[in-house]
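Understanding the architecture of this molecule
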Amino acid sequence: MSSILTDRFGRFHDYLRISLTDACNLRCQYCMPEEDMSFMTRSSLMTADELDTLAGLFVRHGVRKIRLTGGEPLVRKEAAEIISRLGRYPIELAITTNGVLVDRFLDVFKDAGLKSVNISLDSLNAALNQKITRRDHLDLVVRNIELLAEFGFRVKVNMVVMKGVNEFEVGDFVAWSKELPLHIRFIEYMPFDGNGWSAARVTTHEQILELLTDRFEYNKLKDGPNDTARAYQVKGYAGTFAVISTMSQPFCETCNRIRLTADGKLKNCLFSQGETDLLGALRRGEEVEPLVKQTIQAKYARLGGQLSEDYHETDPALLKNRAMISIGG
Ligand code: SAM
Ligand code: SF4
């Protein structure tokens, strides 16, 4: 399909992730620097109208899926309005949230036709969870995950696996999916500005499977053409588990994702150094489409042109990117 969303390598980008805010009610260590984090001013954020205008433009050019993210999307004051407005488009609408506020949004999700919710949770141990998130909300998040499943949403639980921190818990997360239809997703730890990443702290896809092998008998499931997660299922379990192996086995060849930051900048890759100011152009009354086209054409074949093929050779100090919290994961 020829479109402004098709890049030099023939990849058609029909999946847009929109960040609603860089603000958050948690402070996850792997997502944001502990100090010197400066947050966006309110006037620099896309308003609900501007966000709707830009989303509509992408949908007209072929976007079929929009995921809302952040920061924490549900702390944005206009979150309910934005979700409802995007619910009008002929797309699959999804959200990634830390789960703290989810119980207040069940009706909004249902009414907008949102069926799939990704919730981030990195430890089922209260003390460790508090250490990672620098806040104390574990019970609430677990309750909200179970509530979503009860209400019939498709629930994916995202766990960032960090060596020496929480990797010993992968089996407990899988065990949680025995009775509940939860889709547990283990994410390899990725480098962003000021997040303490080093190659030695990555637990790879292979190592995660090794940690599970003694405890579970599992089968490989069939993955979709653009899936970033490789999925498995333990025999007889209601749920599944999967690994997102961005570091050890990147999936750039089939990438169909682009990102719009909360301040209206388009990023053609999670790891791109460059970004294009769509909101500025919109506010000046300039044409946005040519900027979208240029940004898509500038996309590198792999990993934003910044990370090494072998992640052991990536020097986090040399990467030029935002913190994850202000990109929108
Ligand atoms: N606040 C929401 C949440 O936590 O789900 C949405 C934003 S958060 C930035 C989106 C996803 O990025 C979460 O699943 C989080 O675990 C993941 N993430 C953040 N930093 C990461 C890192 N350094 N490596 C891997 N995943 C990361
Ligand atoms: Fe907030 Fe999500 Fe980042 Fe944690 S991972 S600090 S919840 S944006």
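For the structure, check the block above.
Overview of the structure. (Residues numbered from 1 in each chain as written. Chains lettered and ligands numbered in written order. Predicted model: local features only at pLDDT ≥ 70, side-chain atom pairs only at ≥ 80, totals over all residues. Heavy atoms only, no water.)

1. Comments concerning the state of the cysteines
Using the following cut-off: Any pair of cysteine sulfurs within 2.5 Å is marked as a disulfide.
Considering all chains together, one arrives at zero disulfides under this definition. In this structure Cys 255 is a free cysteine whose sulfur lies 6.6 Å from that of Cys 269, the closest cysteine sulfur available.

2. Digging into the pairing of strand β6 (residues 182-188)
We count it as follows: Type-normalised accessible area, obtained with a 1.4 Å probe on protein chains alone, sets the label of each residue: buried when under 20%, exposed when over 50%, and partly exposed for intermediate values. Helix numbers and strand numbers start at the N terminus; a helix is a DSSP run of H or I with at least 4 residues, a strand a run of E with at least 2. Strands were regarded as paired on the criterion that DSSP finds at least two bridges between them. Crossover handedness is defined here as right-handed if the route from the first strand over the helix to the second strand goes clockwise, with the strands pointing away from the viewer.
Across the seven residues that make up β6, a large majority, seven, are buried. Side chains Leu 182, Ile 184, Phe 186 and Glu 188 of β6 all project onto a buried face; the interleaved residues His 183, Arg 185 and Ile 187 project onto the opposite face, where all are buried too. Here strand β5 (residues 154-161) pairs with β6 via seven bridges, running parallel. Counted as the bridge partner of Val 160 is Ile 187 from β6. Of the crossover connections in this fold, the one passing from β5 over helix α6 (residues 170-176) to the parallel β6 is right-handed. The pairing of β6 with strand β9 (residues 240-244) spans five bridges and is classified as parallel. Counterpart to Ile 184 in the pairing with β9 is Phe 241.

3. Description of the pattern of salt bridges
For clarity, the cut-off: In the sections that follow, a salt bridge refers to a side-chain nitrogen of Lys or Arg positioned within 4 Å of a carboxyl oxygen of Asp or Glu.
Evaluation of the coordinates by the stated rule reveals 20 salt bridges. Note that Arg 11 is salt-bridged to Asp 7, the shortest N-O span being 2.7 Å. The two residues Arg 11 and Asp 7 agree in class, both being buried. One salt bridge connects Glu 253 with Arg 302, and the closest N-O pair in it is separated by 3.4 Å. Of this pair, Glu 253 sits in the loop between β9 and β10 (257-260) while Arg 302 sits in the loop between α9 (289-297) and α10 (324-327); the two residues are 49 residues apart in sequence, bridging distant segments of the chain. For Glu 253, a relative accessible area of 53% translates into the label exposed.

4. A word on the site of ligand 2
Put simply, the test is: Here a residue is considered near a molecule or strand provided that any single heavy atom belonging to it is located within 4 Å of it. Asp, Glu, Lys and Arg are counted as charged, while Ala, Val, Leu, Ile, Met, Phe, Trp, Tyr, Cys and Pro are counted as nonpolar; the rest, among them Gly, fall into the polar class.
Near ligand 2 the following residues occur: Cys 24, Leu 26, Cys 28, Tyr 30, Cys 31, Gly 71, Asn 98 and Ile 325. A breakdown of the residues in the shell around ligand 2 according to their chemical character gives six nonpolar, two polar and no charged.

5. A short note on the sheet that holds strand β8 (residues 229-234)
Inclusion rule: Residue contacts follow a heavy-atom distance rule, with two residues in contact if any of their heavy atoms lie within 4.5 Å. Interaxial angles span 0 to 180 degrees and are taken between N-to-C directions of axes, which are lines fitted to C-alpha atoms, for helices over the stretch in contact.
Here twelve strands make up an open sheet; going across it, the order is β7-β8-β9-β6-β5-β4-β3-β2-β1-β10-β11-β12 and the pairing mixed. Across the chains shown, the open sheet's two edge strands, defined by having one partner strand only, are β7 (218-220) and β12 (276-277). Strands in contact with helix α1 (residues 48-60) are β1 (15-19), β2 (65-69), β10 and β11 (265-267); relative to β1, the strand with the most contacts, it is inclined by about 170 degrees.

6. Structural notes on the site of ligand 1
For clarity, the threshold we go by: Definition of a polar contact: a pair of N or O atoms within 3.5 Å, with one able to donate and the other able to accept a hydrogen when the atoms are protein atoms, and with sequence-neighbouring residues admitted only if both atoms are side-chain atoms. Residue exposure ignores everything except the shown protein chains as possible cover, and the areas themselves are Shrake-Rupley values with a 1.4 Å probe.
In the neighbourhood of ligand 1, 20 residues make up the surrounding shell, with Tyr 30, Gly 71, Ser 120, Met 190 and Asn 195 lying closest. In the environment of ligand 1, a nitrogen atom lies 3.0 Å from a nitrogen or oxygen atom belonging to the backbone of Tyr 30. At 3.3 Å from an oxygen atom of ligand 1 is found a side-chain nitrogen or oxygen belonging to Asn 158. When ligand 1 is considered free in solution it has 540 Å² of accessible area, and contact with the protein chains removes 95% of it. Mapped onto the shell around ligand 1, the elements with two or more residues apiece are β3 (92-97), β5 and β6. Looking at the shell around ligand 1, its residues break down into eight nonpolar, ten polar and two charged.

7. Quick notes on α9
The cut-off we apply is this: To obtain the arc, one takes the directions from the helix axis to the C-beta atoms.
Listed as buried for α9 are Val 292, Thr 295 and Ile 296. Take α9 and look down its axis: the buried residues cluster within an arc of 95 degrees, on one side only.

8. Some words on helix α4 (residues 126-133)
Every buried residue of α4 is accounted for by Leu 128, Asn 129, Ile 132 and Thr 133. When α4 is viewed along its axis, its buried side chains cluster within an angular range of 120 degrees and face the same direction. Relative to its buried face, α4 has exposed residues pointing more than 90 degrees away, namely Ala 127 and Lys 131. For α4, the secondary structure elements touched by its buried residues are α5 (138-150). Regarding α4, its N-cap is Asn 125, as a side-chain oxygen of that residue lies 3.0 Å from the backbone nitrogen of Ala 127 further along. A positive phi of about 60 degrees marks Arg 134, the residue just after α4.

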